[in-house]
Amino acid sequence: MDGAHLPERHELEAFLVLADEMHFGRTAERLRLSQPRVSQTIRKLERRIGAPLFERTSRRVELTRLGAQLRDDLQPLYQGLTAAMDRATATARGVHGTLRVGFLGVGAGELTPTIMDGFRARHPGCEVQMRETHFSDPLGPLRAGDVDVLLTRLPVTEPDLTVGPVVLTEPRVLAVPARHPFTRRSSVSLEDLARDTVFGVTGPAPGYWWDFHVPRFTPSGRPIPRGQDISTFQELLALIAAGQGISPVAASVERYYNRPDIAFVPFEDAPDTDVAVVWRTAAGTARIRAFVQAARDAVESNGGPTRF
């Protein structure tokens, strides 16, 4: 392609969204276009390139080998272009108004002040309001528009949400009553969970999300008994202290919520838990993009996500 035949930005955006969704209907919804308009845009891009980028059947859409190559080549370039335009626009117009930041638990941990200070220094005309979210509905305030961006625990695999930089990663420990037999051990394994009772959760928290943090089965497939459903973290701690069950938690809980009636035993095999920046894809405002950039810069200056 010579310069006169370079694709327009909306063509690249349509291609990358379709390469992500692999569905014309969902792509049209994300781009707020009609489905025929999306199909027309993709055909125009394919004619411009001279070969098909997608294989279409009545049941599925798949990238061709050329399409996959173009996606891999374009994604970093498009993201860089978008970021450059956003920075230029923010500089020209300034980022004003109010940014509402939701956070689960300790948020980004010790990196939170760095992120906030960096954002405020660059955008003094933008007020930041922080609001705590709860694990019974970790994504609800974001979807309801009560917050603009979240610092929340992964995994988050929702088609309407974008996961940005990981800002905190930490090991997990097992919270048990102070007199529990596990307190005599230096570590526990996920297999040990089958020997006691864990807790379910009330509310619309995604099932896969809670199952990652409090699994239903051990790695060998043994079922893990679930007792009472809970809705708040303080409720979880109270029930553990009362001897009603045990629960995997992030290691930072021992630092920020230490209490004499609960002990914390390290896991020897549980995967780390990460906190990342998450926002609604369709609501990527200049304020949100500026906050994401502040988080990304804080992570880079820190040499990576904060680790406990």
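Caption draft 1: Quick peek at the nonpolar core. Of all hydrophobic cores here, the largest spans 34 residues; its most connected members are Phe135, Leu174, Leu193, Leu236 and Val249. Secondary structure elements with two or more residues in this core: strand 7 (172–177), strand 8 (198–201), helix 7 (207–213), helix 8 (233–241) and strand 11 (262–266). For this core, the element with the most residues is helix 8, which contributes five residues. The next biggest cluster of nonpolar side chains, apart from the first, holds 27 residues, and it includes Val101, Val106, Val149 and Ala290.

Caption draft 2: Region of the structure containing the pairing of strand 6 (residues 161–170). Among the 10 residues in strand 6, seven count as buried, and that is most of the element. In this structure, strand 6 lies alongside strand 13 (residues 306–307), joined through two bridges in parallel fashion. In the sheet register, Leu168 faces strand 13, and the bridge partner there is Thr306.

Caption draft 3: Main features of the sheet that holds strand 3 (residues 97–104). Spatially, 4-3-5-12-6-13 is the arrangement adopted by the six strands of the open sheet, whose pairing is mixed. A single partner strand is all that each edge strand has here, and the edge strands are strand 4 (126–133) and strand 13. Pairing geometry for strand 6 and strand 12 (residues 273–280), over seven bridges, is antiparallel. Looking at the pairing, Thr169 lines up with Asp274 of strand 12. Here helix 5 (residues 112–122) sits on the sheet in contact with strand 3, strand 4 and strand 6, set at roughly 155° to strand 4.

Caption draft 4: Representation of the environment of Asp211. On the secondary structure map, Asp211 appears in helix 7. As a C-alpha pair, Asp211 and Gly200 span 11 residues in sequence and 9.1 Å in three-dimensional space. Each residue touching Asp211, except ones within four places of it in the same chain, is listed here: Arg216 and Arg226. A polar side-chain atom of Asp211 sits 3.3 Å from a polar atom in the side chain of Arg216.

Reading the values: the criteria
Residues numbered from 1 in each chain as written. Predicted model: local features only at pLDDT ≥ 70, side-chain atom pairs only at ≥ 80, totals over all residues. Heavy atoms only, no water. Core = buried A, V, L, I, M, F, W, Y, C linked by side-chain atoms within 4.5 Å. Buried < 20%, exposed > 50% of the residue type's maximum accessible area, 1.4 Å probe, protein only. Helix = DSSP H or I, 4+ residues; strand = E, 2+ residues; numbered from the N terminus. Pairing = 2+ DSSP bridges. Contact = heavy atoms within 4.5 Å. Axes fitted to C-alpha atoms, helices over the stretch in contact; angles between N-to-C directions. Polar contact = N/O pair within 3.5 Å; in protein donor to acceptor, adjacent residues only side chain to side chain.

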